Amino acid sequence: MRVPCIAVVLSIAIVRFAPAQTWQGATQVLLVQRAISQRGMRDADARLTGWRARAHGVVRLASVVEHGGLPVERVIKADELRVEVYGEAPNRSKQVIVAWRDTTFLPNRIVYHRDHLGIVANDFGAMILLGDGDEVREVAHPLSPPGAEQHEFAMGDTVVIRGARGLVRVVAVQVRPRDATLPGTIGTLYLDVDRATLVRFRFTFTPASYRDPTVEDITVTLENALHEGRWWLPWRQSIVIRRGTAWLALPLRSVIRADWTIDDYELGVRHTPNQFAGPLVAGLRRPVADQAVWDHPLASQLDGLPGTEDDVDAVRRAAAMAVGQVISGMPRTRLGAGGVSDLVSVNRIHGVTLGAGARVALSPMVSTYARIAYGLSDDRVTGDATVEVRGAATRWSFAAFRQLRDVSDLPIISGALNSLRTAVGGDDRLDWTLIEGIRAAVRHEIEGFTLEGELAREWSWSVRPAFMPVAGGVPPNPALGVGGTTVARVRGAAIDPTGEGWRVALEAGDGERDWARIAAQLRTSTPVGGGRVQVALEAGAGTTHLPGYRSFVLGGRASLPGVAHRALGGRSMARIEVAWARSLNLPTPPLPGVRGVRLPSAMMPFIAVGVASGSVPGVPWQASGRAEPVVGLRLDLWGPLLRVESGISLRTGSVAVTVDVHPDWWPVM
């Protein structure tokens, strides 16, 4: 039978508990005592002699890259499964994979733990295991007798709803371990008041629960539906596992997420004596391409699934607030790098630059990050040191720094490609200023919206090239520094996992020059004609004495291809681009981990117009005040891994073609 509509209770939002919440042991909370007793009786209930159901799930592997502290998620691999589920008292279950297909969007060699390919049939029983015990092993369920002793509870709000079989009252009960340094769960139990049964449990784990040092955190949501007015059985589930690198901190993580729906229940089924023999998850051992089983493209299943980062971060923030510390299973000490270019890079100022960094967690709330780099051509040492204090949703940082920075806040080229171009032919595409200073900053996250504030005292110095490439020379670096300035900055952003959204940044400087500046970016898209129309808008303006290192630039790659590189610039600028993205069926080159499937590609014809005005003395870019239109074609290839971009200036007829790693991956390049 289908799931009754009583399950709408499970769509209620997470209850936000105030810091003054009263925490009590299980023996002090009558509803929790009843729930523990009922859970034990459920597992031994002879009236539920046997049942059978069908489960449908999508398991996806995704990468999450931090773009300026804002995560952008890209699916790498997706699997779709159909599973037959069998259950029987006391607390026995069995699953059989009857249909399984997959698709690959980027090269990978992922092999899932077997239990990620099935559901949690009995809300884990007395002890919680994940990843066949390799990720989480033997964490006591808070509604089991041993778990009740190890956890404490706080009563929340009561919600009364009307379902298919009358009113149901559900109470949100927050749970946390008595000792956050030991294995345990942190989250919210939604309990049926009248039956004292578990309707929904959404939780994460303490850092000590994780057995795999690459696991950053795991978030679990189990939702049940009422059947025959008596039994709450599995309905919807999701398990999200976020991973990093145990020895190196990069702006990159991987995410495995399984989303399941369980329905078509048959109750009172008599199982054969050997029904529960063998492994818990049996059936198919690998994906099988059987088009007769599936009546829809696998990729279409991803459209209706929730994004991972916002979903998980809400649980992470609530858990951090409950226990008063950041929840992360990563090692306390790791090497650190903002990307590969932090380790080795080449530019026309430093030449070959070697760097190293480390991140150390001094406590669950306080961490430090330090990096140092040395330029072999100019013998200049740069680096930074940061102390960060993190709360549930707010992060404070204090830093000292000495860095080379490009004039543009928006990246135009991957660090790896710029290093290669500079090393071979001296063609450094960036314009550098040496910035030294100290700063204090705060960052606050509110359900997809990020607000940052910063106060800094910084000194900007003009620098000259010191590097000689393999062939030819290097162009001069513009004089952009203006000396000492006290700078205040405020930034706000709302970026979704696809990279769409908006950013606004305001700043003001007080020093040898007084100035102010505002910049904004907007990216959005909508389906049109079998593809998507994408719109990108960038604009900025500054006051009369805006210094060169904070001026705006336009032209060339990732801006206006066909217009000369950074030919336009000044105290203000605006650029708008409209593109139509459509999938492209191209043969996939022989890449490891692809297994003969076609990686997705896309083509995007586009038109862009840019203008800059307000001259800044001493810089090579011109504030012509004249609109420069270009048309072009962009190809995002194989995943996408690469971006090929061509454009022609409608004013001059000049043509340009660029090839680079796709911008999704620039932060780690």
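Residue positions are given per chain, counting from 1 as you read along its sequence in written order. Restriction of local features to residues with pLDDT of at least 70 applies here, the model being predicted, together with a cutoff of 80 or more for giving and counting side-chain atom pairs; totals for whole chains, interfaces and linings are based on all residues. Derived side-chain values reflect all non-hydrogen atoms in the structure, with water molecules and hydrogen atoms excluded from consideration.

1. Let's talk about the overall build of the chain
Logical step 1: Only DSSP runs of H or I with at least four residues qualify as helices, and only runs of E with at least two residues qualify as strands; both kinds are numbered from the N terminus onward. Each helix and strand counted, the chain has five helices and 34 strands in total.
Logical step 2: Atoms considered for the radius of gyration are the C-alpha atoms alone. The globule rule reads 2.2 Å times the number of residues to the power 0.38. Radius of gyration (C-alpha) of the chain: 28 Å, near the 26 Å computed for a compact globule of 669 residues.
Logical step 3: Principal axes of the C-alpha set define a box for the chain whose edges measure 85 × 55 × 45 Å.
Logical step 4: Buried means the residue's accessible area, taken with a 1.4 Å probe over protein chains only, is under 20% of the maximum for its type, while exposed means over 50%, and partly exposed covers the values in between. Put simply, the chain has 669 residues, and 50% of those count as buried.
Logical step 5: Whether two residues are in contact is decided by their heavy atoms, any of which lying within 4.5 Å being enough. Of the contacts made within the chain by residues no fewer than 6 positions apart, 63% connect residues no fewer than 24 positions apart.
Logical step 6: This count recognises Lys and Arg as positive and Asp and Glu as negative, with His and chain-terminal groups excluded. Charged side chains are reduced to one point each, which is NZ for Lys, CZ for Arg, CG for Asp and CD for Glu. A distance of 1 Å separates the average location of the 73 positive side-chain charges in the chain from that of its 66 negative side-chain charges.

2. Thoughts on unusual backbone geometry
Logical step 1: The step from Gly-639 to Pro-640 runs through a cis peptide bond, and the omega angle for that step is 5°.
Logical step 2: Position of Pro-640 relative to the elements: it lies in the loop between strand S32 (628-637) and strand S33 (642-649).
Logical step 3: A positive phi angle, near 55°, is found at Asp-379, a position not held by glycine.
Logical step 4: Inspection of the secondary structure assignment puts Asp-379 in the loop between strand S19 (366-375) and strand S20 (381-390).

3. Some remarks on the side chain of Thr-221
Logical step 1: Locating Thr-221 in the fold gives a position in strand S11 (residues 215-227).
Logical step 2: On the accessibility criterion, Thr-221 (7% relative accessible area) is buried.
Logical step 3: Polar side-chain contacts of Thr-221 include one of 3.3 Å to the side chain of Arg-202. Under this definition, polar contacts are N or O atom pairs within 3.5 Å; protein pairs additionally need one hydrogen-donor-capable and one acceptor-capable atom, and for neighbouring residues in sequence, both atoms have to be side-chain atoms.

4. Let's talk about the confidence of the model for the chain
Logical step 1: pLDDT runs from 0 to 100 and stands for how confident the predictor is about each residue. Residues with a pLDDT of 70 or more make up 93% of the chain, whose mean pLDDT is 89.
Logical step 2: Of the regions scoring below 50 in pLDDT, residues 1-19 engages in 57 contacts with residues more than four places distant in sequence or in other chains.

5. Some points on the pattern of salt bridges
Here the idea is simple: oppositely charged side chains can pair when their charged atoms come close.
Logical step 1: The term salt bridge refers to a side-chain nitrogen of Lys or Arg lying within 4 Å of a carboxyl oxygen of Asp or Glu. Within the structure shown, the criterion is met by 53 salt bridges.
Logical step 2: Across the salt bridge formed by Arg-101 and Glu-80, the nearest N and O atoms sit 2.7 Å from each other. Placement of the pair is Arg-101 in strand S4 (residues 92-104) and Glu-80 in strand S3 (residues 70-88), with a sequence separation of 21 residues.
Logical step 3: What makes Arg-101 buried here is its relative accessible area of 9%.

6. What to know about the side chain of Glu-445
Logical step 1: Position of Glu-445 among the secondary structure elements: in strand S22 (residues 432-446).
Logical step 2: Using a relative accessible area of 16% as the deciding quantity, one classes Glu-445 as buried.
Logical step 3: Contacts of Glu-445, omitting those with residues within four sequence positions, involve Arg-316, Arg-317, Ala-393, Arg-395 and Thr-450.

7. Brief notes about the packing of aromatic side chains
Logical step 1: Between 30 and 60 degrees the pair is tilted, below 30 it is stacked and above 60 it is edge-to-face, where a pair is any two Phe, Tyr or Trp rings, Trp via its six-membered ring, whose centres lie within 6.5 Å. The final tally for this structure, using the stated rule, is six aromatic pairs.
Logical step 2: Look at Phe-201 and Phe-203: their rings are 4.1 Å apart centre to centre, the planes differ by 25°, and that puts the pair in the stacked class. Just as Phe-201 is buried, Phe-203 falls in that class too.
Logical step 3: Criterion for a charge above a ring: Arg CZ or Lys NZ at most 6 Å from the ring centre, at most 35 degrees from the ring normal. Taking NZ or CZ as reference, Arg-634 lies 4.4 Å from the ring centre of Phe-606, over its face.

8. Some thoughts on the nonpolar core
Logical step 1: By nonpolar core is meant a set of buried Ala, Val, Leu, Ile, Met, Phe, Trp, Tyr and Cys residues that side-chain atoms within 4.5 Å join together. The biggest cluster of nonpolar side chains holds 60 residues, and the ones touching the most others in it are Leu-189, Phe-205, Ile-218 and Val-220.
Logical step 2: Residue contributions to this core peak at six residues, all from strand S2 (residues 51-67).
Logical step 3: Not counting residues within four places of it along the chain, the set of residues in contact with Phe-205 comprises Ile-128, Leu-130, Val-136, Val-139, Gly-184, Thr-185, Ile-186, Tyr-210, Ile-218, Val-220 and Ile-327.
Logical step 4: Of all hydrophobic cores here, the second largest spans 27 residues; its members include Val-563, Met-573, Ala-579 and Val-619.

9. A short note on helix H5 (residues 415-425)
Logical step 1: If you check which residues of H5 are buried, you get Leu-417, Asn-418, Ser-419 and Thr-422.
Logical step 2: For H5, the secondary structure elements touched by its buried residues are strand S17 (344-347) and strand S34 (655-661).
Logical step 3: Phi turns positive one or two residues past the end of H5, at Gly-426, with a value near 75°.

10. Quick notes on the pairing of S19
Logical step 1: Judged by which residues are buried, S19 turns out to be one-sided: Ser-367, Tyr-369, Arg-371, Ala-373 and Gly-375 face inward and are buried, whereas Val-366, Thr-368, Ala-370, Ile-372 and Tyr-374, on the alternate face, are not.
Logical step 2: When DSSP locates at least two bridges between a pair of strands, those strands are taken to pair. In terms of strand pairing, strand S18 (residues 351-361) meets S19 through nine bridges, oriented antiparallel. Across the sheet, residue Ala-361 finds its bridge partner in S19, namely Ser-367.
Logical step 3: Taking the residues that link successive antiparallel strands as the turn, the S18-S19 hairpin has four residues.
Logical step 4: Both S19 and S20 contribute to a ladder of nine bridges, which runs antiparallel. Bridging across to S20, Tyr-369 finds its partner in Thr-386.
Logical step 5: Hairpin connection from S19 to S20: five residues lie between these consecutive antiparallel strands, with Asp-379 at a positive phi of about 55°.

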